[in-house]
Every structure is written in C-alpha cells, then in structure tokens.
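The chain contents come next:
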Amino acid sequence: MKLWPFSTLIVQLTLLVIAALVAAQMISLWLFVDERSLAIRAALGFEAAGRAANVARLLENAPPGAQSAILEAADSPLVRFKLSSRPTVAVDDYSDGGVVEMRVRRLLGDNKDRDIRVELRQVEGKILPLPHLSGEMAEMHMAMMKGELSAVEMNLSIALSDGAWLNVETRFERPPLQWPFYSTLTFAVSAALILIVVFWFLLTRLTGPLRRLASASERLGRGEAVPELPVAGPLEARDLTKAFNQMQKRLTRFVADRTRLLAALGHDLKSPLTAMRVRAEMVDDEETRGSLIACVEEMQSMVESTITFSRGLINSEDTELVEVGEFLTSLQKDIVDPFQITQGPKIQVRIRPMAFRRALRNLIENALRYGGDTTVIYEAQHQLLVVSVLDDGPGIPKEQLEQVFEPFFRLEESRSLETGGHGLGLSISRTIARAHGGDVTLSNRDGGGLTAQIKIPLSEDVSLSGEKNNRATPG
C-alpha cells in the first residue's frame, strides 16, 4: 500500500520533474567539469609553448656566453629549460600536440622549416607534485590539490639555428573542482523551493478539477444532488468536466423520464380499475361478484405498489448524516415482530433516512416472515457500511438468488397477498441501495438460513470509532 503523500498525482509529478532537473544538472556539471579541465590544460599548454618560443628566440639572438643566464632566468618550478645537442623527444606525437607545435611556429615566424617535436602523455596512478618544487611548496601544492592529482606531461624539443636543441619539460595538473559548501547548499535549497512552489501552483490547476470531479462522482453514485461543476484547469481537465456535466444531465433526465412513465402508468390504471370495481358490484351472482371484486382489488393493490415503487426511484429526499446504531434501534421499535441487533462500532453514514429505512424494513420483514428468528449486524468494511440481516429460514435456491429481485416475482406459489406479498420488497430495497451507490445481495448460510446484505459507501465526512462487540439487544 502506497503512503498517502506520495500516492497523490501532484506530489509524484513534482518529484518526477525535480528528479529530471537534478539529473540534467548533474550531466551538465559533468560536461562542464570536463570542458573546464580541457580549457585549463589548453591554457597551461599554450602558456608553456609561448615561453618556450620566447626562450628559443632569445637563445638564437643572444651571444654564446649569455645562453646559460637566459636558461637559468627562464627556469621555474613548473617549466624547465635545457640546451642540448640532442632532442629529448624522439618522434613527433601530433595526437595532442599539433596545436602546441602550430602555436610555437606562429610565435617564431617559422613555416615548417624548423624541426619542432611535441610529446604529450597522461600520467596515471599515484603521482607526486612537480619534482622541482621545494618541500614546503610541495606540501602546499598537495594541500591545494586536496591530494587528488591528475597530470599531463608535455615535452617539447625545438631545433635552434645553430644546430642545438632547446628541450622543455613541464607538467600541469587538473585542479580539483571546488565546492563551496554554503554557497552550494543555499543554491540547492533556493532552487528546490522555487521549483516546488512553481510546479505545485501549476499542478494544482490540474489536480484541483480532478479532485472536484472525483468527489462529485462519489456523491452522484450515492444518489445525492450534484450541482454542475465549474469548467476550469487545462484543456483536458475542462473537457473531462464538460463530459461529466453532460453525463449527469443525461442520467438524471433518463431516470426522471423512466420514473414519470412508471408513475403515470400506475396512475392511469386506477380509473379503469375503479370502473371495473363498480361494474363488479353490479353482478348478481354472489360467487362471480366476489371473484371479480377480489381480482380487481389485487390489481388495485399492485397498481398502488407500482406507484409506491416508482416513488422510491425519485431522489427528492435530502441526505442526512446519521449514526447507524441509533438508526437501527429506532427502526427496531417501529417493527412489531421482535428481532435482535448485534451492536457494532459507532458509524456515521450519509443517507436519505426515509428511503434507507424502507429498504431495511423490507429486508427485515422478509426475514421475519419467511425465516423466523432474525439478527441484524452492522460493520464497516473497506469504506463500505455493511448491514447484514440473518434469518433461520429455509433459504433460497441458488439459481433464484438474483431472480427474486425482479419486480413482482414471488417464490411463494400461492396468489395470497397475506403470505406472498406483491414481490416488490426486494426490488425496492435494491433500487434504494443502488441509488445510494451500493447494492443488496442474498446468500444462503452454512447450516441453513439466509443472509441479506445491504452495502453502501461511506462518505468522506463519516466518523468511525469504537471497537466492535458482540452484545445482542433483544427486541
């Protein structure tokens, strides 16, 4: 089961966008570090090449006795210059040094006539600072580099006009990336806050209409009157809201038309039945008259039941928040035959009291009529109120458990209204339950008897407290 804060769309999308931005920033940083390294190395290499070209020019123009002084003055801990009869670079390595060679030639004004050799190689493994540094400078260098040295050695051999070779040795390391802690922390926090605020505002425009739509769908499923939702948010959310409003109008119109048709049919049948009753009274034969009057009365009773059934489909009653235990106790006092209520936890549910009372009364009276001893149990299961009516009767054949919900269907074979009724009680109960967004089901109990369960969803504003106990209160 997902934790609530991370299961919402707005949190998931916000985290997804932030994660994507962090990944993009990390890739950009990696590319920046690599470009930074290349830029630093190129700058250091060009600086060493420029110094080498200047020293070569000075050596060629200086008198023979001044060459040693020039080399001594040009030496530094980072770049070493030597004058020799042979080059230290045996062959040219233009894989990385071609740019350096071209820079030296450009500074010397040479057009491929002079032999210039460049060797570049990566120093791998554990390396020490530059060999020409003093001990104190080496320690400072290691501290500045944080002990992380990654160096490139460049050897440069330049042929001079007198046949000698100027050999240049240098090494330049890649400085470690500096991370100012507080600057980085404040940047990350401020950027995260700005991103969260911006995306939270934008995503609220999407999730707000979706939450309203989910709430309206739940209330519509419970049979409550739902006002037309305001069309707001992105295009997709607006289209979805418009479709919901249109669907609600069509459903309401369909149910109203069907209910009016059924009520009108029952009402129109009353006039001809009344006329038939009057004519039946005029029949001379007593046996025939009694039979006709009984048939007309049965038809009138069925018409009245049809009208009552149609009225049960009309959602004219307002919903109220009631406590289930108190509601059942009140119903228990109104039913003549006694039954038991097994007390459950305190549950509040939003219902249309008169309609729901009628649905429960039908189930309980059926159980009392056909099953004898009856017990009512109520509990909350998975955001549903479940009221179970248990009896000790013979039960119902499995193949007819659904058929008994059809209007005017009766398991009792006789046509007696006293023993079989009209066959509308279960139909009315299921209709009312489904108008609340729930349902009524029947199942045979192990060992005999029948269980009738009415389930309706708990609304968001219900309160559930207390522990269930098995204390029974006799009626």
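Whatever comes next refers back to the structure up there.
Just so it is clear, the structure is predicted and the values come from calculations on it, not from any experiment.

Caption draft 1: Quick peek at helix H12 (residues 425–435). Of all eleven residues making up H12, eight are buried, and the element is well covered by its neighbours. Among all positions in H12, only Leu426, Ser427, Ile428, Ser429, Arg430, Ile432, Ala433 and Ala435 are buried. Remark: Gly437 follows H12 within two positions and exhibits a positive phi of approximately 90°.

Caption draft 2: Local environment of helix H3 (residues 67–74). Looking at H3, one finds that the buried residues are Gln67, Ile70, Leu71 and Ala74. Across the axial projection of H3, the buried residues extend over an arc of 95°, all falling on one side. Facing away from the buried side of H3, by more than 90 degrees, are the exposed residues Ser68, Glu72 and Ala73.

Caption draft 3: Broad picture of the packing of helix H9 (residues 324–334) against helix H10 (residues 353–371). At a minimum axis distance of 11 Å, the contact between H9 and H10 shows a crossing angle of 60°. Our classification of the angle between H9 and H10 gives oblique. As for how H9 packs across H10, the hand of that crossing is right-handed. Taking contact as the criterion, the partners of Phe327, Leu328, Ser330, Leu331 and Asp334 in H9 are, on H10, Pro353, Phe356, Arg357, Leu360, Arg361 and Ile364.

Caption draft 4: Seen up close, the pattern of salt bridges. Under the defined criterion, the tally for this structure stands at ten salt bridges. Here Asp115 makes a salt bridge to Arg117, at a shortest N to O gap of 3.3 Å. For Asp115, a relative accessible area of 28% translates into the label partly exposed. On the basis of relative accessible area, Arg117 is assigned to the buried category, the value being 19%. A salt bridge links Asp439 to Arg430; the nearest nitrogen and oxygen atoms lie 3.2 Å apart.

Caption draft 5: Layout of unusual backbone geometry. Even without glycine at this site, His382 takes up a positive phi of about 50°. Classification of His382 as exposed rests on a relative accessible area of 78%. Positive phi values are uncommon outside glycine, yet Gln383 reaches one of about 60°. Mapping Gln383 onto the fold places it in the loop between strand E8 (374–381) and strand E9 (384–391).

So, how was this worked out
- Residues numbered from 1 in each chain as written.
- Predicted model: local features only at pLDDT ≥ 70, side-chain atom pairs only at ≥ 80, totals over all residues.
- Heavy atoms only, no water.
- Buried < 20%, exposed > 50% of the residue type's maximum accessible area, 1.4 Å probe, protein only.
- Helix = DSSP H or I, 4+ residues; strand = E, 2+ residues; numbered from the N terminus.
- Arc of directions from axis to C-beta.
- Axes fitted to C-alpha atoms, helices over the stretch in contact; angles between N-to-C directions.
- Parallel < 35°, antiparallel > 145°, perpendicular 65-115°, else oblique.
- Left-handed = near helix turned anticlockwise from the far one by under 90°.
- Contact = heavy atoms within 4.5 Å.
- Salt bridge = Lys/Arg side-chain N within 4 Å of Asp/Glu carboxyl O.

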